[in-house]
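Per-entry structural report
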Amino acid sequence: MPEDSATEVTAAGIARLAGVGRAAVSNWRRRHADFPKPVGGTETSPSFALPEVERWLRAQGKLAEVPLRERVWQQLAGHPAGTLTGLVHAGAVLLLLRERPPGLAALAALPDPRFTDALPGALEEVLTVRFGIPRAVSTPTAGQLAPAAPLLRAAIELAAELGGPRQAFEFLLGRHLDANPRQYTLTPPPLAELMAALAAAATASAGDPPATVLLDPASGTGGLLRAAAHPATLAVQDADPELAALSALRLALHGDADIRSAAGDTLRADAFPELRADTVLTHPPFNERAWGHDELAYDSRWEYGFPARTESELAWVQHALARLRDGGTAVLLMPPAVASRRSGRRIRADLLRRGALRAVIALPAGAAPPYGIPLHLWVLARPAADRRPPAEALFVDTAGLVPDAGRDKLPWTTLQNAVLDAWAGRSGDDTLARAVPVIELLDDEVDLAPARYLTAPDAGGSAAELAAVRERLDATLRRTLTLAPD
């Protein structure tokens, strides 16, 4: 590989390669005139050519035995076209490894130029079989793959070390997400599992067979649909082309479902207008003003009312309902303000009247970003002509299940069991859950905040309780006098 296209590494990466702290790397730069010069980055955070760094460390006897995981990550992080592009290319090769291991083994035995020249043809075949055309994952050219040949070979080795292509891809994706925590809005895996389980419970309670066609119209990295059990078809769309590709690859590596994927703004350019999914699971963007209000005024998806410019979330709600089959279920993660903003009251009212909104579930703060806000789950169903609209809507508030001191480690098993029990009518605790007649909800505000309809937990402090506490305190003090030494 030409030196000018070599993988770059930061000072932190050099420290990991040598098994030292970053301060040691700073000292080497000052004390050794032959230390490699920066080739990129900034003055405060320079980057260096990885081959030059490895040669210098080896000559100085400072090169530690680098674990394969660290070597692959350094190669990925230093990909000339960016980490996400490198991750998509590595993911495509790992999918080829999953689908056609003998064929990839034969290609990997070739020298680098022939290896990267032969890869596009093999990748095109596999990507077309798994994703069809059009798709979010484009086939990279030989020229695009050439600088990443060492990375692609190392990714194949990593799959053997970690137990398979899926595990290798999850490791690399996880390292990238951990390194860029503010760049992505993620749905934590336990919350994804709760949403998938809730959708499955809603489908079962309606008497329908398990969902086989699922859609996430704001897929991000694909974590929500990955939590679904035994799907036949998964459809994903995201406005970010690289995220759309990553989510498609992630789901393809996770199972054998047919994957339909697309990049683009879902509200403005829906890639699946004819789809009728069994289930929609999504964590849409919050508080968007530029969601297409002016362009989409006469869109057929607004069955329950045209959303105000400030109500982008209600546009996503109606998009989800429009992509469901009759009787299908959607579970959306929502900011709490959507339940009570005055500008959305008419749409909320119509969702209730027609039986589309089945439940609002308040989660504890810390369940998902933004972590300081107690987000809501909305459970929706597309009304079917042969089913009567439900006369009640379910409200659940799980905040009381989490002590204030424990918000950094939520008891997800307890939360999931409580929510599913409430859905099944097994709660019996009106401080946690209550089914409210729809007619009671249709006032001037149509405020759907769960706490409004639940019994407040008894805080104690009545006169009788205070007297009982005083008596116990008196008894304890008298006993203390008898036990204390003279």
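The present account deals with the structure reproduced in this document. (Residues numbered from 1 in each chain as written. Predicted model: local features only at pLDDT ≥ 70, side-chain atom pairs only at ≥ 80, totals over all residues. Heavy atoms only, no water.)

Turning to the overall build of the protein chain, a few remarks are in order. For the protein chain, the helix and strand inventory stands at 18 helices and twelve strands. Considered along the principal axes of its C-alpha atoms, the protein chain spans approximately 85 × 80 × 40 Å. Every one of the 486 residues in the protein chain was classed for burial, and the buried ones make up 50%. Sequence separation of 24 or more characterises 71% of the internal contacts of the protein chain that already satisfy a separation of 6 or more. Accessible surface computed for the protein chain: about 22800 Å², of which carbon and sulfur atoms make up 53%. (Helix = DSSP H or I, 4+ residues; strand = E, 2+ residues; numbered from the N terminus. Buried < 20%, exposed > 50% of the residue type's maximum accessible area, 1.4 Å probe, protein only. Contact = heavy atoms within 4.5 Å. Areas by Shrake-Rupley, 256 points an atom, 1.4 Å probe, with all protein chains shown as cover.)

So, on to helix α15 (residues 345-353). Each turn of an α-helix holds 3.6 residues, which means side chains three or four residues apart point in the same direction. Looking at α15, one finds that the buried residues are I347, R348, A349, D350, L351 and L352. Of the surrounding elements, those touching the buried residues of α15 are α14 (312-322), β9 (357-362), β10 (376-381), β11 (392-397) and α17 (438-441). Following α15 by one or two positions, G355 adopts a phi angle in the positive range, close to 80°.

With an omega of 0°, the peptide bond running from I133 to P134 counts as cis. Of note, P134 is situated in the loop between α7 (112-131) and α8 (142-145). With omega at -5°, the peptide bond leading from P369 into P370 counts as cis. Considering the arrangement of structural elements, one finds P370 in the loop between β9 and β10. Despite not being glycine, H230 shows a phi value in the positive range, around 55°. Inspection of the secondary structure assignment puts H230 in the loop between α12 (223-226) and β5 (233-238). Here V446, not a glycine, exhibits a phi torsion of approximately 50°, which is positive. Note that V446 resides in the loop between α17 and α18 (463-483). Take V446: its relative accessible area is 3%, and that puts it in the buried class.

Attention shifts here to the environment of P383. Structurally, the position occupied by P383 is in the loop between β10 and β11. In this structure P383 touches Y304, D326, R354 and A356, once residues within four positions along its chain are discounted.

Next up on the list: helix α4 (residues 68-77). In terms of burial, α4 is a largely internal element, seven of the ten residues being buried. Looking at the buried positions of α4, the neighbouring elements they touch are β1 (8-10), α1 (11-18), α3 (50-60), α5 (83-99), α9 (149-162) and α10 (165-179).

It is at 8 Å that the axes of α4 and α5 come closest, and there the two elements cross at 125°. When the axes of α4 and α5 are compared, the pair comes out oblique. Residue-level inspection shows W73, L76 and A77 of α4 in contact with α5, the latter providing T83, G86 and L87. Class assignment of the residues belonging to the contact of α4 with α5 gives a composition of four nonpolar, two polar and no charged. (Axes fitted to C-alpha atoms, helices over the stretch in contact; angles between N-to-C directions. Parallel < 35°, antiparallel > 145°, perpendicular 65-115°, else oblique. Nonpolar A, V, L, I, M, F, W, Y, C, P; charged D, E, K, R; others polar.)

Turning our eyes to something else, we now look at the pairing of β9. The side chains of a regular strand alternate, first on one face of the sheet and then on the other. Here β9 lies mainly inside the structure; five of its six residues are buried. Here β9 pairs with β10 via five bridges, running antiparallel. Among the inter-strand pairings, L357 is bridged to a residue of β10, identified as L380. The pairing of β9 with β11 spans four bridges and is classified as parallel. Each bridged residue has a counterpart across the sheet, and for A359 the counterpart in β11 is L394. (Pairing = 2+ DSSP bridges.)

A few words now on the sheet that holds β5. If you walk across this open sheet you meet the nine strands as β6-β5-β4-β7-β8-β10-β9-β11-β12, and the pairing is mixed. The open sheet terminates on both sides in strands that have one partner only, identified here as β6 (258-263) and β12 (433-437). When the angles between neighbouring strand axes are averaged without regard to direction, this sheet yields 15°. Packed on one face of the sheet, helix α11 (residues 189-205) meets β7 (277-282), β8 (324-334), β9 and β10 and runs near 155° to β8. Sheet strands in contact with α14 are β7, β8 and β10, and its direction is about 150° off that of β8.

The topology assignment puts L96 in helix α5. Through-space distance from the C-alpha of L96 to that of V213 is 24 Å; in sequence the pair is 117 residues apart. Those residues in contact with L96 that lie beyond four places of it in its chain are P101, L104, L119, A122, L123 and V126.

Right, let's talk about the pairing of β10 for a bit. Here β10 lies mainly inside the structure; six of its six residues are buried. What you see with β10 is no split at all: H376, W378 and L380 on one side and L377, V379 and A381 on the other are buried throughout. Strand direction decides the pairing type here: β8 and β10, joined by six bridges, are antiparallel. For L332, the partnering residue across the bridge sits in β10 and is W378.

The next subject is the environment of A337. Residue position: A337 is located in the loop between β8 and α15. Sequence-wise, A337 and E313 are 24 residues apart; in three dimensions their C-alpha atoms are separated by 10.0 Å.

Taken together, three strands build an open sheet; the order of strands is β1-β3-β2 and the sheet is antiparallel. Every other strand in the sheet has two partners, leaving β1 and β2 (40-41) as the edge strands with one partner each. Relative to strand β3 (residues 46-49), β1 runs antiparallel, the two sharing three bridges. In the sheet register, V9 faces β3, and the bridge partner there is F48. On the sheet, α1 packs against β1 and β3 and is oriented at approximately 90° with respect to β1. Those strands touched by α3 are β1 and β3, and its axis lies near 75° from that of β3.

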